[in-house]
Amino acid sequence: MRIWTERPAKADVEAVVRRYFSLLRAGRIPEAEELVDHTSVRHVLKSLWAGSVKANADEKRNQGEGEVSANPAADAWEQDLSWLRELDLADFHWGHEGTGFYVEITYRAQIIEVSLSFWVKPTDAGWVLAGPATLW
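These remarks concern the structure in this document. Residue numbering note: each chain is counted from 1, following its sequence as written. This being a predicted model, a pLDDT of at least 70 is required before a residue's local features are given, and a value of 80 or more before pairs of side-chain atoms are given or counted; all residues contribute to the totals for chains, interfaces and linings. Heavy atoms throughout the structure, all of them, feed into the side-chain values; hydrogens and water do not.

1. Brief notes about the pairing of strand E6 (residues 127–135)
Note on exposure labels: buried denotes an accessible area under 20% of the residue type's maximum, exposed denotes more than 50%, and partly exposed covers the range between, all computed with a 1.4 Å probe on protein chains only. Each helix corresponds to a stretch of at least 4 residues labelled H or I by DSSP, and each strand to a stretch of at least 2 residues labelled E; elements are numbered beginning at the N terminus. By the criterion of burial, E6 is predominantly enclosed, with 7 of the 9 residues buried. Pairing of strand E5 (residues 110–122) with E6 involves 7 bridges; the strand directions are antiparallel. Bridge pairing links Leu116 to Thr134 in E6. At least two DSSP bridges between two strands are needed for those strands to be called paired. The turn joining E5 and E6, which pair antiparallel and follow one another in sequence, is formed by 4 residues; a positive phi near 145° is taken by Gly126.

2. Some points on the pattern of salt bridges
When a carboxyl oxygen of Asp or Glu lies within 4 Å of a side-chain nitrogen of Lys or Arg, that pair is called a salt bridge. Counting across every chain of the model gives 3 salt bridges. The partner of Arg28 in a salt bridge is Glu31, with the nearest N and O atoms 2.7 Å apart. In this structure, Arg108 engages Glu86 in a salt bridge whose closest nitrogen and oxygen atoms are separated by 2.5 Å. Of the two residues, Arg108 sits in the loop between strand E4 (100–107) and E5 while Glu86 sits in the loop between helix H4 (76–79) and strand E3 (87–94), which places them 22 residues apart along the sequence.

3. Describing the packing of aromatic side chains
Within a pair of aromatic rings, the relevant descriptors are the distance that separates the centres and the angle that separates the planes. Aromatic pairing here means that ring centres of Phe, Tyr or Trp (its six-membered ring) are within 6.5 Å. Orientation follows from the plane angle: under 30 degrees is stacked, over 60 is edge-to-face, and everything else is tilted. With the rule as written, the count across this model stands at 4 aromatic pairs. Seen in terms of ring centroids, Phe101 and Phe118 are 5.6 Å apart; in terms of plane orientation they differ by 20°. Their pairing is stacked. Of this pair, Phe101 sits in strand E4 while Phe118 sits in strand E5; the two residues are 17 residues apart in sequence, bridging distant segments of the chain. Taking the relative accessible area as the measure of exposure, Phe118 reaches 1% and is therefore buried.

4. Here we look at unusual backbone geometry
Peptide bonds are mostly trans, and most non-glycine residues show a negative phi. In this structure, Pro132 follows Gly131 across a cis peptide bond, with omega equal to -5°. Along the chain, Pro132 turns up in strand E6. With a phi close to 55°, Arg108 is a non-glycine residue in the positive phi region. Exposure remark for Arg108: the relative accessible area of 45% places this residue in the partly exposed category. A positive phi is found at Ala109, a non-glycine position, where the angle reads about 70°.

5. Details of the nonpolar core
In plain words, nonpolar cores are sets of buried Ala, Val, Leu, Ile, Met, Phe, Trp, Tyr and Cys residues tied together by side-chain atoms within 4.5 Å. Formed by 36 residues in total, the largest nonpolar core has its most connected members in Leu48, Ile105, Phe118 and Leu129. Looking at this core, the elements with two or more residues in it are helix H1 (10–25), helix H2 (29–35), helix H3 (41–62), E3, E4, E5 and E6. Looking at this core element by element, the count peaks at 7 residues for H1. Every residue pair with non-hydrogen atoms within 4.5 Å of one another is taken to be in contact. In this view, Phe118 contacts Val17, Tyr20, Val36, Thr99, Gly100, Phe101, Val103, Leu129, Ala130, Gly131 and Pro132; residues no more than four positions away in its chain are not counted.

6. Some remarks on the side chain of Ser117
Along the chain, Ser117 turns up in strand E5. We classify Ser117 as buried; its relative accessible area is 12%. Apart from residues lying up to four places away in sequence, Ser117 is in contact with Phe101, Tyr102, Gly131, Pro132, Ala133 and Leu135.

What follows is the structure in structure tokens.
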């Protein structure tokens, strides 16, 4: 986990989030988890999948562009993580205190309904990045 001896600058924190996300996209989940004081990565991945791939398939089906059988399987997100490569980070939105923020996520260049929130917190060892929580 990345530990700062002083309260980190926003740019430093955002760089860690970018690294975290690039590791997720590459399927290097254990390495990503090591960068932050992490919540359940399974929950994060499932939420990202539901807000991107599944939502996209549901939208197409509702528009008559896909068949019901074309809906991704419930556990497809766990079996094949290649869908992560179609996600990217968008804008960072910091709170007034400067310790909490969320980052928007895109799927195929479109912002999805799920964002990831993080916060910088002091610990006995120094400052760490905690999260992410999923925001809908």
